Structures are given as structure tokens and as C-alpha cells.
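Residues per chain, in single letters:
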Amino acid sequence: YFKGMGPEPLGNEFHLPYLKRALSGKKTSIKAALLDQRLVAGLGNIYVVEALHRAGIAPTRAAGRVCEARLERLYHAIRAVLEEAIEAGGSTLSDYAAVDGAQGGFQHRFRVYGREGAGCVAAGCSGVIARKTHGGRSSFWCPRCQR
Ligand code: ZN
């Protein structure tokens, strides 16, 4: 049970043990959990979609049922995606937060977002990117390498 806003995704309070604890036992989807501001503050849809692809996790997977190895990949993927976005767009830490849009040049680095029907870029994967819209937010994922 979380009160108020969760930690900033690039801050010191957002660490792997925290993420594990926060997702533990959760039956909601991993995507919905990451978009919940009480769990982690200001993580936009695009960044969640991109991070889940890098971590090999299907957006629909139950948050509490992500295996340890993938959870660790997810943690690093969230940070990597945000750092790349900031670097590409020259945006400040506060910019990326609320906006559910691509910042600056980061849109050219999308691996799944907006790429439905295209081939998956993950190493050794021959999957095709799928898209589904739920509650006004689009999910893009590779059904082959995201489990
Ligand atoms: Zn794939």
C-alpha cells in the first residue's frame, strides 16, 4: 500500500529492492503498475513500453509474476531508457516526467513504440511488433521475445 507519489525513477530511492518490494504480489499488469504514480513517479507510457521491450516482459504480465532476472533487467531498462531520452532530447529531468510524448530526438530511438507490423530489433528475434490500445494508451510489444 503506497501513499502519495512514488520515488523518481532516476532518483536514489528508486532501486532494485524497492521495485521488487513494490511489485511483489501485485495482480495488476506490469504495465499498469509502472504507470501508477504511487509506485514510481512520472514514468510516461512511451518509456514504460520501451523499457518492457528491453526487459523482455509482456505488458500484460501480472506485476507480481515477473521473474527475478527479468525484474533486474527491467530496473536497468527503465533507467537506460530515461537517460537516453534525456540525452537525446537535451531535456531536463523534470521535462520527461508528465509528458506522454517523445522528447526531442528520442523518438528516433524507439524500438517498439509506433512500430506495429515492423520486425523486432531485439538480437536474434524474428518477431513482429504488435499494438493494442487500452484506456487511450497504446501498448506496443513483441509477442515473441516479451513474456
Ligand atoms: Zn522480439
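Nothing here was measured: the structure is a model prediction, and the numbers come from that model. (Residues numbered from 1 in each chain as written. Predicted model: local features only at pLDDT ≥ 70, side-chain atom pairs only at ≥ 80, totals over all residues. Heavy atoms only, no water.)

## Some details on the nonpolar core
Phase 1 of the analysis: Residues I30, L34 and L74 are the most contacted members of the largest nonpolar core, which totals 34 residues.
Phase 2 of the analysis: Every element with two or more residues in this core is listed here: α1 (16-23), α2 (30-35), α3 (45-55) and α4 (68-89).
Phase 3 of the analysis: Counting residues per element, this core draws most heavily on α4, which supplies 9 residues.
Phase 4 of the analysis: In this structure L74 touches L19, I30, L34, A51, L52, A55 and I57, once residues within four positions along its chain are discounted.
Phase 5 of the analysis: Grouped together as the second largest cluster of nonpolar side chains are 7 residues, V112, C120, C125 and C142 included. (Core = buried A, V, L, I, M, F, W, Y, C linked by side-chain atoms within 4.5 Å. Buried < 20%, exposed > 50% of the residue type's maximum accessible area, 1.4 Å probe, protein only. Helix = DSSP H or I, 4+ residues; strand = E, 2+ residues; numbered from the N terminus. Contact = heavy atoms within 4.5 Å.)

## Section: the coordination of the zinc ion
Phase 1 of the analysis: At the metal site, the zinc ion is ligated by C120 (SG), C125 (SG), C142 (SG) and C145 (SG), and these contacts range over 2.3 Å.
Phase 2 of the analysis: Around the zinc ion sit 4 donor atoms, and with donor-metal-donor angles ranging over 103 to 116° the site reads as tetrahedral.
Phase 3 of the analysis: For the zinc ion, the donor residues sit on a single chain with the sequence spacing C-x4-C-x16-C-x2-C. Taken together, the residues span a long stretch of sequence, with C125 in the loop between α5 (93-98) and β1 (130-134) and C142 in the segment after β2 (137-141) at a distance of 17 residues. (Donors = N, O, S within 2.8 Å, 3.2 Å for Na, K, Ca; no water. Tetrahedral: all angles 85-135°; square planar, octahedral: opposite > 155°, others 65-115°.)

## Quick word on the pairing of β2
Phase 1 of the analysis: When you tally the buried positions in β2, you get 4 out of 5 residues, the bulk of the element.
Phase 2 of the analysis: In this structure, β1 lies alongside β2, joined through 5 bridges in antiparallel fashion. Residue pairing in the sheet places H134 in a bridge with R137 of β2.
Phase 3 of the analysis: Hairpin connection between β1 and β2: a loop of 2 residues separates the two successive antiparallel strands, and G135 in this loop has a positive phi of roughly 60°. (Pairing = 2+ DSSP bridges.)

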